[in-house]
There are 2 protein chains.
Amino acid sequence: MSGAAPDLPALQRAQSLADQAYQAIREGIATGTFAAGERVTERGLAARLHVSPTPVREALRRLEQDGLIERVSARELRVVEHSPESLHELLLTGAALRALEARFATSKLDEAALDRMAAIVDELGADPVRTIAEYLRLAREFDREIEQAAGNPTLRGLIQSVTFMGQERRMRSIENMRFHPDVAAHRIQGHRDILAALRSRDPDTVERIFRHHAVAGVDLLLTDLDPTQDADRSQGRITG
Amino acid sequence: MSGAAPDLPALQRAQSLADQAYQAIREGIATGTFAAGERVTERGLAARLHVSPTPVREALRRLEQDGLIERVSARELRVVEHSPESLHELLLTGAALRALEARFATSKLDEAALDRMAAIVDELGADPVRTIAEYLRLAREFDREIEQAAGNPTLRGLIQSVTFMGQERRMRSIENMRFHPDVAAHRIQGHRDILAALRSRDPDTVERIFRHHAVAGVDLLLTDLDPTQDADRSQGRITG
DNA sequence: CCGCGACAGATGCTATAGCAGCGTTGCTAT
DNA sequence: ATAGCAACGCTGCTATAGCATCTGTCGCGG
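The present account deals with the structure reproduced in this document. (Residues numbered from 1 in each chain as written. Chains lettered and ligands numbered in written order. Predicted model: local features only at pLDDT ≥ 70, side-chain atom pairs only at ≥ 80, totals over all residues. Heavy atoms only, no water.)

The next thing to look at is the overall build of chain A. A count of helices and strands for chain A gives ten helices and three strands. Sorting the 240 residues of chain A into buried and exposed places 44% on the buried side. Relative to all contacts within chain A whose residues are 6 or more apart in sequence, the contacts with residues 24 or more apart total 71%. Within the structure as shown, chain A displays about 12700 Å² of accessible surface, and the carbon and sulfur contribution to it stands at 52%. (Helix = DSSP H or I, 4+ residues; strand = E, 2+ residues; numbered from the N terminus. Buried < 20%, exposed > 50% of the residue type's maximum accessible area, 1.4 Å probe, protein only. Contact = heavy atoms within 4.5 Å. Areas by Shrake-Rupley, 256 points an atom, 1.4 Å probe, with all protein chains shown as cover.)

In structure tokens:
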């Protein structure tokens with residue numbers, strides 16, 4: 001026997017309709033089912049979800065607090081539409097938050113975790129032109145190591161909240177990466193640098209390097225999305 | 001005449017009961033009307049607030065999302081009780097967020113704003129042993145300059161959310177400052193240093209200095225609250 | 001005296017109904 | 001034809017009632 005059976009995560013009771021509505025609408029916003037700027041109503045959504053307006057209302061209020069829904073007037077709710085500036089600000093803030101999380105993780109990552117991350121980086125570097133899904137999976141695994149080591153649920157919640165707001169455009173842009181292998185190479189180099197910084201055990205370096213690459217990723221993302229835009233984003237720049 | 005009448009902020013229509021309940025409960029948590037760890041129920045609060053359970057329910061869900069209320073079981077809601085560790089983590093995260101906001105503000109603060117901040121610092125330095133309320137008012141004014149210059153509502157929202165969670169203990173601790181003039185002196189010196197950093201126009205310096213003082217403030221706060229605790233907080237330290 | 005089971009109260013969740021405010025539409029009067 | 005007004009409908013908000021589930025207690029049996 002390999003020891004006592006480990007604790008399994010407690011089975012979640014079936015979520016409430018309000019929770020399901022929350023996730024469904026959130027998902028709908030992320031996937032584009034609800035376009036940015038589109039008006040939504042309690043009764044309309046309730047009909048589409050085959051529930052009463054009550055749980056829908058709750059979901060909308062939470063989404064409003066999340067910044068995904070806004071009330072343009074007293075009786076008009078709309079899916080938030082981010083201006084290029086606010087989206088930039090959003091992604092920049094997210095980048096800084098994730099860099100901060102990496103800082104928290106610096107002193108707590110053990111050798112085993114660093115080795116796992118090295119394996120991920122190697123796998124990424126072995127064949128830079130893999131599928132997007134594969135890249136995303138590995139990158140997420142890399143981030144998860146940092147997340148777990150940091151062990152700061154408060155910060156994690158903030159990151160989740162911020163990153164989600166730009167998710168739709170982000171995902172579309174990630175798909176474009178298929179046509180920009182140099183972008184992928186850039187990001188992979190970022191992972192390499194971050195890992196090296198973590199190995200140095202210096203929190204300042206970790207946060208600086210992480211932030212640098214995350215911000216560069218944001219710039220790539222936005223210029224990729226909107227090629228007509230000027231590449232110079234020194235305005236409000238987050239890195240020195 | 002001194003020009004056309006400026007736009008006044010639009011008068012908010014009377015807030016909904018749900019909003020009022022949200023603020024009332026939030027306030028109750030901050031002021032200690034609802035103790036940390038205390039159980040709350042929809043119907044109980046509804047009776048105390050003289051409204052129906054519906055708006056109270058909504059308020060509770062939002063507070064739950066804020067991290068002020070937690071569900072300990074499927075049918076038991078409690079006011080969140082922060083462990084010393086999680087409180088420390090919370091305040092540290094808040095400190096880093098505010099430092100980040102200061103970074104955003106660095107390039108956007110005009111001379112007039114810097115002069116106003118200098119006046120505040122001078123006023124603080126003139127008589128270090130003023131009342132707590134006076135100190136808080138001035139410090140808030142100082143922060144507001146940074147906040148306005150940064151102009152990052154997303155980040156601002158995160159800061160609001162995080163800072164509020166530790167507010168109750170924070171306020172009690174601030175009251176203790178009355179008996180610790182050296183703490184006040186320390187903080188005032190912090191404001192001086194931050195202002196000097198802002199004048200240097202170097203974002204890295206600004207963020208570093210701001211974070212340094214904010215973290216020091218957190219340490220003072222916690223050791224002040226719990227004198228038995230070891231002063232060495234290098235564990236999870238946010239500054240190099 | 002201890003244990004187990006049933007009943008009653010409490011609690012969160014959902015549906016429904018009705019209210020008040022606002023916008024729109026269509027009609028009417030000039 | 002156009003301007004004004006009135007009625008209708010849409011929308012968010014609140015209250016209430018009922019349901020399902022859990023908890024705590026009381027009583028009965030061993």
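Residues and elements named next belong to chain A. Checked against the element boundaries, arginine 201 lands in the loop between helix 9 (181–200) and helix 10 (203–225). Between the alpha carbons of arginine 201 and threonine 106 there is a distance of 5.9 Å; along the sequence they are 95 residues apart. Not counting residues within four places of it along the chain, the set of residues in contact with arginine 201 comprises Thr106, Ser107, Leu109, Asp110, Glu111 and Leu114. Polar contacts involving the side chain of arginine 201 include one to the main-chain carbonyl oxygen of leucine 109, which spans 2.7 Å. (Polar contact = N/O pair within 3.5 Å; in protein donor to acceptor, adjacent residues only side chain to side chain.)

Rotating chain A by 180 degrees and translating it 0.0 Å along the rotation axis places it on chain B, where the RMSD comes to 0.1 Å. Between the two chains, the operation in question is that of a two-fold axis. (Least-squares fit on C-alpha atoms with pLDDT ≥ 70 in both.)

This part takes up the protein's contact with DNA strand C. Contacts to DNA strand C come from 20 residues, most closely from Leu17, Ser52 and Arg75 of chain A together with Arg57 and Arg75 of chain B. When the atoms of DNA strand C within 4 Å of the protein are grouped by moiety, sugar and phosphate amount to 60% of the total. One nitrogen or oxygen atom from the main chain of glutamate 42 of chain B is found 3.1 Å from a phosphate oxygen belonging to DNA strand C. Note that a base nitrogen of DNA strand C is positioned 2.7 Å from one of the side-chain N or O atoms of arginine 43 of chain B. Residue contributions to the surface near DNA strand C peak at three residues, all from helix 3 (residues 53–66) of chain A. (Near = heavy atom within 4 Å.)

A few words on the protein's contact with DNA strand D. Around DNA strand D, the structure places 21 residues, and the nearest of them are Arg43 and Arg57 of chain A together with Leu17, Ser52 and Arg75 of chain B. The sugar-phosphate portion of DNA strand D accounts for 65% of its atoms within 4 Å of the protein, the bases making up the rest. Within the side chain of arginine 57 of chain A, a nitrogen or oxygen atom sits 2.2 Å from a phosphate oxygen of DNA strand D. Within the side chain of arginine 43 of chain B, a nitrogen or oxygen atom sits 3.4 Å from a base oxygen of DNA strand D. Of all elements in the fold, only strand 1 (39–40), helix 2 (42–49) and helix 3 of chain A together with helix 1 (17–31) and helix 3 (53–66) of chain B reach the threshold of two or more residues within the surface near DNA strand D. Per-element accounting of the surface near DNA strand D gives the leading share, three residues, to helix 3 of chain B. Residue classes in the surface near DNA strand D are distributed as seven nonpolar, four polar and ten charged. (Nonpolar A, V, L, I, M, F, W, Y, C, P; charged D, E, K, R; others polar.)

Tallying the contact residues gives 33 residues for chain A and 33 residues for chain B. Roughly 2800 Å² is buried in total at the junction of chain A and chain B, and carbon and sulfur atoms are behind 53% of that figure. Together, Glu58, Arg61 and Gln65 of chain A form the three largest contributors to the area buried by chain A at its contact with chain B, with a combined 20%. Inspection of the chain A/chain B interface yields eight salt bridges. (Buried area = accessible area lost by both parts, 1.4 Å probe. Salt bridge = Lys/Arg side-chain N within 4 Å of Asp/Glu carboxyl O.)

What follows concerns the packing of helix 5 (residues 111–126) of chain B against helix 9 (residues 181–200) of chain B. All names here are of chain B. With their axes 10 Å apart at the nearest point, helix 5 and helix 9 run at an angle of 160 degrees to one another. The pairing of helix 5 with helix 9 is recorded here as roughly antiparallel in orientation. Crossing of helix 5 over helix 9 shows left-handed handedness. Where helix 5 abuts helix 9, its residues Glu111, Leu114, Asp115, Met117, Ala118, Val121, Leu124 and Gly125 lie against Ile188, His191, Arg192, Leu195, Leu198 and Arg199. Across the contact of helix 5 with helix 9, the residue classes tally to eight nonpolar, two polar and four charged. (Axes fitted to C-alpha atoms, helices over the stretch in contact; angles between N-to-C directions. Parallel < 35°, antiparallel > 145°, perpendicular 65-115°, else oblique. Left-handed = near helix turned anticlockwise from the far one by under 90°.)

Bringing the pairing of strand 2 (residues 69–73) of chain A into the picture now. Residues and elements named next belong to chain A. Across four bridges, the pairing between strand 2 and strand 3 (residues 76–79) is antiparallel. Paired with glutamate 70 across the strands is arginine 78, a residue of strand 3. Connecting the antiparallel pair strand 2 and strand 3 is a turn made up of two residues. (Pairing = 2+ DSSP bridges.)

Residues and elements named next belong to chain A. The sheet built from three strands is open, its strands ordered 1-3-2 with antiparallel pairing. One side of each edge strand has no neighbouring strand; the edge strands of this open sheet are strand 1 and strand 2. Two strands pair when backbone bridges link them, and strand 1 and strand 3 are joined in this way by two bridges, in the antiparallel orientation. Residue pairing across strands places valine 40 opposite leucine 77, the latter belonging to strand 3. Sheet strands touched by helix 3: strand 1, strand 2 and strand 3. Its angle to strand 2, the strand with the most contacts, is close to 95 degrees.

A word on the environment of glutamine 65 of chain B. Within the fold, glutamine 65 of chain B resides in helix 3. With residues up to four places along the chain from it excluded, the contact list for glutamine 65 of chain B reads Tyr22, Arg62, Gln65 and Asp66 of chain A. Engagement of the side chain of glutamine 65 of chain B in a polar contact is seen with the side chain of aspartate 66 of chain A, the distance being 2.6 Å.

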